[in-house]
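# Examination of the molecular architecture
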Amino acid sequence: MFTVSRRIDAQGLYYKELNQLVRQAFSEGVTEVLLDNVNGQRYIGDGISGDGSIIIHGTPGNDMAAYMNGLQIVVHGNAQDATGNTMNEGTIIVHGDAGDTVGYAMRGGEIFIKGSVGYRVGIHMKEYMKKNPVIVVGGKAGAFFGEYMAGGILILLGLSGREGYPIVGDYCGTGMHGGVMYIRGQVEEYKLGKEVKIVEMTAEDQSILERYVSRYADYFGYDKEDILAQPFSKLIPYNKRPYGNLYTGV
């Protein structure tokens, strides 16, 4: 398949106009859209299907790749809130930091963030049919990481981030009832939601980490072996319906 590229200068463009130009490009057979001077325009890549790619230079706005169905989006910069909101399929690669609620209700696809993220990353993340969503964060994460998580994989590496801050904030996994988290290093028990516990790693866990850390290292120029040399904490929910008794009376 030949790559057909189109470059769009987003400087000064209203977000609706920019997104119309992106959709038009794909409808005309373009397979790679290059966006320059992006500065906060929202909804880039939302709901778009196919195996094309969007390369962004700048900082896209909220809800990038919401409901996306298969594209690859590469951001050479930071991303704002709700990246990958309810994403179905595809890959997002951010060569910087990202904001809050990355992967909100995400049900398929993969997100790789080179740097750190804000609060409530992976909230309501779920497995959907045969899809198993994955988020890999290279830096640190704020509070409520994996809140109400119902499926999928969260990996937090702690390779960068604000000096003196812990790798993850408080209330990690609050309300979690599915999926798994892998956090590089130790996590203090007091930071965990009441529904989460730390368990021993298995050979299958090591295989999962090998696969996704390798991808992360390739995208961002890290040494995979150096990352994997430090032990990880595996976090799982131990109550499938942590708040069921609040509604059933049992």
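Residues numbered from 1 in each chain as written. Predicted model: local features only at pLDDT ≥ 70, side-chain atom pairs only at ≥ 80, totals over all residues. Heavy atoms only, no water.

## Description of the overall build of the protein chain
The secondary structure content of the protein chain amounts to four helices and 11 strands. In summary, the protein chain has a C-alpha radius of gyration of 18 Å against a globular reference of 18 Å for 250 residues, a match within 12%. Counting only C-alpha atoms and orienting by the principal axes, one finds that the protein chain spans roughly 55 × 45 × 35 Å. Evaluated residue by residue, the protein chain yields a buried proportion of 54% over its 250 residues. (Helix = DSSP H or I, 4+ residues; strand = E, 2+ residues; numbered from the N terminus. Rg over C-alpha atoms; globule rule 2.2 N^0.38 Å. Buried < 20%, exposed > 50% of the residue type's maximum accessible area, 1.4 Å probe, protein only.)

## Considering the side chain of Glu-110
Relative to the helices and strands, Glu-110 resides in strand β6 (residues 110–113). Assessed through its relative accessible area of 16%, Glu-110 is described here as buried. Here the side chain of Glu-110 touches Arg-215 through a polar contact of 2.5 Å, side chain to side chain. (Polar contact = N/O pair within 3.5 Å; in protein donor to acceptor, adjacent residues only side chain to side chain.)

## A look at the sheet that holds strand β1 (residues 5–9)
Within a sheet, adjacent strands bond to each other through the backbone by hydrogen bonds, running parallel or antiparallel. Read from one edge to the other, the open sheet built from 11 strands follows the order β1-β2-β3-β4-β5-β6-β7-β8-β9-β11-β10, with strand pairing classed as mixed. Strands at the two margins of the open sheet, each flanked by one partner only, are β1 and β10 (196–199). Strand-to-strand, the axes of this sheet are offset by a mean angle of 15°, without reference to chain direction. When strand β8 (residues 150–156) meets strand β9 (residues 178–184), the two strands line up parallel, connected through five bridges. The residue of β9 that forms the bridge with Ile-155 is Tyr-182. Sheet strands touched by helix α1 (residues 15–27): β1, β2 (32–39), β3 (53–59) and β4 (69–76). Its angle to β2, the strand with the most contacts, is close to 170°. The sheet strands contacting helix α2 (residues 203–220) are β5 (89–94), β6, β7 (134–137), β8, β9 and β11 (232–237), and the helix crosses β6 at an angle near 60°. (Pairing = 2+ DSSP bridges. Axes fitted to C-alpha atoms, helices over the stretch in contact; angles between N-to-C directions. Contact = heavy atoms within 4.5 Å.)

## As for α2
Along its 18 residues, α2 runs 26 Å from first to last C-alpha, staying within 8% of the 26 Å computed at 1.5 Å per residue. For α2, the full list of buried residues reads Asp-205, Ile-208, Leu-209, Tyr-212, Val-213, Ser-214, Tyr-216, Ala-217 and Phe-220. (Expected span 1.5 Å × (residues − 1).)

## Focus: the nonpolar core
Core analysis: the biggest nonpolar cluster contains 50 residues, and Val-22, Leu-35, Ile-54, Ile-56, Ile-135, Phe-145 and Val-168 have the highest contact counts within it. Here this core gets four residues from one element, more than from any other, and that element is α1. Leaving out residues up to four positions away in the same chain, Leu-35 has contacts with Ile-8, Leu-18, Val-22, Ile-44, Ile-54, Ile-55, Ile-56 and His-57. Judged by nonpolar contacts, the second largest core, of 20 residues, contains Ile-55, Ile-93, Ile-153 and Leu-157. (Core = buried A, V, L, I, M, F, W, Y, C linked by side-chain atoms within 4.5 Å.)

## Concerning α1
Helix length check: α1, at 13 residues, gives a terminal C-alpha distance of 18 Å against a target of 18 Å (1.5 Å per residue), a fit within 8%. When α1 is considered as a whole, its buried residues turn out to be Tyr-15, Leu-18, Asn-19, Val-22, Ala-25 and Phe-26. End-on, the buried residues of α1 take up no more than an arc of 120°, which puts them together on one face. Among the exposed residues of α1, those pointing more than 90 degrees away from its buried face are Gln-20 and Ser-27. (Arc of directions from axis to C-beta.)

## A closer look at the UniProt feature "domain: Glutamate synthase alpha subunit C-terminal" (unreviewed entry) in the protein chain
The positions that UniProt labels "domain: Glutamate synthase alpha subunit C-terminal" (unreviewed entry) are, in the present scheme, residues 34–201. Counting secondary structure, residues 34–201 comes out at 0% helix and 32% strand; the distance between its end C-alpha atoms is 41 Å. (UniProt positions renumbered as here; feature names shortened; annotations may be inferred.)

## Points about the pattern of salt bridges
Across all of its chains, the model carries eight salt bridges by this definition. Glu-147 serves as the salt-bridge partner of Arg-120, at 2.5 Å between the closest nitrogen and oxygen. Taken together, the residues Arg-120 in the loop between β6 and β7 and Glu-147 in the loop between β7 and β8 connect sequence positions 27 residues apart. In this structure, Asp-205 and Lys-234 form a salt bridge, with 2.9 Å as the shortest nitrogen-oxygen distance. In this pair, Asp-205 is assigned in helix α2 and Lys-234 in strand β11, connecting sequence segments 29 residues apart. For Asp-205, a relative accessible area of 3% gives the class buried. On the accessibility criterion, Lys-234 (13% relative accessible area) is buried. Through salt bridges with shared partners, a single ionic network connects Glu-210, Lys-224 and Glu-225. (Salt bridge = Lys/Arg side-chain N within 4 Å of Asp/Glu carboxyl O.)

## Side note on the environment of Gly-142
Inspection of the secondary structure puts Gly-142 in the loop between β7 and β8. Look past the residues within four positions of Gly-142 in its chain and what remains in contact with it is Val-117, Gly-118, Tyr-119, Val-168 and Gly-169.

## Observations regarding the packing of aromatic side chains
Summed over all chains, the structure comprises seven aromatic pairs. Considering the side-chain rings of Tyr-14 and Tyr-15, the 4.7 Å spacing of their centres and the 55° angle between planes classify their relative orientation as tilted. Ring centres of Tyr-216 and Tyr-222 lie 5.5 Å apart, and the angle between their planes is 35°; this geometry places the pair in the tilted category. Note on Tyr-216: relative accessible area 0%, which makes it buried. When its relative accessible area of 30% is taken as the criterion, Tyr-222 is described as partly exposed. Site record: aromatic cluster; members linked through ring pairs are Phe-112, Tyr-216, Tyr-219, Phe-220 and Tyr-222. Sitting above the plane of the Phe-144 ring, Arg-120 keeps its charged end 4.0 Å from the centroid. (Phe/Tyr/Trp six-rings, centres within 6.5 Å; stacked < 30°, edge-to-face > 60°. Lys NZ or Arg CZ within 6 Å of the ring centre and 35° of its normal.)

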